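Structural description and commentary
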Amino acid sequence: TLHASIDDSLRRLGTDHVDLYYVHVDDRATPLEETLEALAEIVRAGKARYIGWSNVRTWRLERIRGLCERNGWPAPVALQQQHSYLRPRTGLDVASVVDHEQLDYLRAHEDLTLVAYSPILRGIYDDPAKRRDHWMMERYAGPDAEARLEVLTAVAAEVGVTPNQLVLSWMLHQSSPRTVPLIGPRTLAQFEAALPALDLTLSAELLARLDAAGA
Ligand SMILES: NC(=O)c1ccc[n+]([C@@H]2O[C@H](COP(=O)([O-])OP(=O)(O)OC[C@H]3O[C@@H](n4cnc5c(N)ncnc54)[C@H](OP(=O)(O)O)[C@@H]3O)[C@@H](O)[C@H]2O)c1
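The next thing to look at is the overall build of the protein. Along its length, the protein carries 9 helices and 5 strands. When the elements of the protein are put in sequence order from the N terminus, they spell out α-β-α-β-α-β-α-β-α-α-α-β-α-α. Radius of gyration (C-alpha) of the protein: 19 Å, near the 17 Å computed for a compact globule of 215 residues. Projecting the C-alpha coordinates of the protein onto the three principal axes gives extents of approximately 50 × 35 × 35 Å. A buried classification covers 44% of the 215 residues belonging to the protein. Within the protein, counting contacts between residues at least 6 apart in sequence, those at least 24 apart form 76% of the total. Accessible area for the protein stands at about 11,500 Å²; split by element, carbon and sulfur atoms hold 52% of it. Placing the 23 positive and 30 negative side-chain charges of the protein at their respective mean positions leaves the two points 3 Å apart.

Structure below.
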């Protein structure tokens, strides 16, 4: 499947290699050795430079990295998970959402970059109605989210940016783990609205306020 998929992707993209090739969802039914060996062959053939993994639990990641080390296979350099400024509610058990343990793991393994998908949680930060109704909020809603939203909104007003922009900037300021927000704008205007986050510099004091917020 992987060999056919990469060849099809390269053909559709009209290129001879991709920089990063992800396993989209951790596949618990196929022996990891088979998957990793196929990925190693793809890298060796020059079709992908690096590999990444997505929607995976931390213990699996550790197993993946151990197998790579023992067999000389390229280990994932990118971990693509759902991650944002709001923290998952207590008791949430979803493999694709970064939890405390995964953050701790990432902090201890700096060769792995967190690629945060749904970084603005589909736009809930700028839109109170969406915050009330969007299914994604079920994963975050609670006192901790409320406390963080309050501080986020206040800091955004002080800095003169939107809460969405502040969340993206806060992520770009993270160094442990290093975090790359993967935005999904639906319109050009949404894309343009995200761009100022790249140029925003947040002081240590503001970052500390944002980090400390919570219940
Ligand atoms: N690995 C995985 O399993 C996985 C899963 C999900 C996503 N991803 C990847 O991550 C990327 C980003 O994920 P995502 O689309 O969930 O990210 P996101 O940026 O959090 O959400 C995108 C949505 O946010 C809203 N939005 C964007 N810019 C906005 C703005 N300036 N103001 C208000 N609302 C705004 C839009 O919603 P409306 O359409 O309502 O306007 C848009 O559809 C995807 O494109 C995909 O490549 C990967």
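Let's shift gears to the site of the ligand. As a matter of local geometry, the ligand sits amid 19 residues, with N55, S118, R122, R186 and Q190 nearest to it. Within the backbone of L121, one N or O atom sits 3.3 Å away from an oxygen atom of the ligand. Between the ligand and R122, the relevant distance is 2.5 Å, taken from an oxygen atom to a side-chain nitrogen or oxygen of the residue. The residue makeup of the shell around the ligand, split by class, is 7 nonpolar, 9 polar and 3 charged.

With that settled, the discussion passes to the pairing of strand β4 (residues 113–117). Summarising burial for β4: 5 of the 5 residues are buried, a large majority. On β4, burial covers both faces: T113, V115 and Y117 on one face and L114 and A116 on the other are all buried. Note that strand β3 (residues 78–82) and β4 share 5 bridges and pair parallel. Note on β4: the bridge partner recorded for Q80 is V115. Remark: the β3/helix α4 (residues 100–108)/β4 crossover connection has right-handed handedness. The pairing of β4 with strand β5 (residues 179–182) spans 4 bridges and is parallel. Directly across from Y117, in β5, lies its bridge partner L182.

When helix α9 (residues 204–212) is considered as a whole, its buried residues turn out to be L206, L207 and L210. End-on, the buried residues of α9 take up no more than an arc of 100°, which puts them together on one face. Opposite its buried face, α9 presents the exposed residues A204 and A212, each directed more than 90 degrees away. Here the buried face of α9 lies against α6 (143–159) and α7 (163–172). G214 occupies a position one or two residues after α9 and carries a positive phi of about 150°.

Quick look at the packing of helix α3 (residues 58–71) against α4 now. The angle between the axes and the distance between the axes are what describe a pair of packed helices. Two numbers describe how α3 lies on α4: the axes approach to 10 Å, and their chain directions differ by 30°. Comparing the axis directions of α3 and α4 gives the class roughly parallel. Judged by residue contacts, T58, L61, E62 and R65 of α3 engage E101, Q102 and Y105 from α4. Its residues placed into classes, the contact of α3 with α4 shows 2 nonpolar, 2 polar and 3 charged.

Definitions and cut-offs
- Residues numbered from 1 in each chain as written.
- Predicted model: local features only at pLDDT ≥ 70, side-chain atom pairs only at ≥ 80, totals over all residues.
- Heavy atoms only, no water.
- Helix = DSSP H or I, 4+ residues; strand = E, 2+ residues; numbered from the N terminus.
- Rg over C-alpha atoms; globule rule 2.2 N^0.38 Å.
- Buried < 20%, exposed > 50% of the residue type's maximum accessible area, 1.4 Å probe, protein only.
- Contact = heavy atoms within 4.5 Å.
- Areas by Shrake-Rupley, 256 points an atom, 1.4 Å probe, with all protein chains shown as cover.
- Lys, Arg positive; Asp, Glu negative; His and termini not counted.
- Charge placed at Lys NZ, Arg CZ, Asp CG, Glu CD.
- Near = heavy atom within 4 Å.
- Polar contact = N/O pair within 3.5 Å; in protein donor to acceptor, adjacent residues only side chain to side chain.
- Nonpolar A, V, L, I, M, F, W, Y, C, P; charged D, E, K, R; others polar.
- Pairing = 2+ DSSP bridges.
- Right-handed = clockwise from strand over helix to strand, strands pointing away.
- Arc of directions from axis to C-beta.
- Axes fitted to C-alpha atoms, helices over the stretch in contact; angles between N-to-C directions.
- Parallel < 35°, antiparallel > 145°, perpendicular 65-115°, else oblique.

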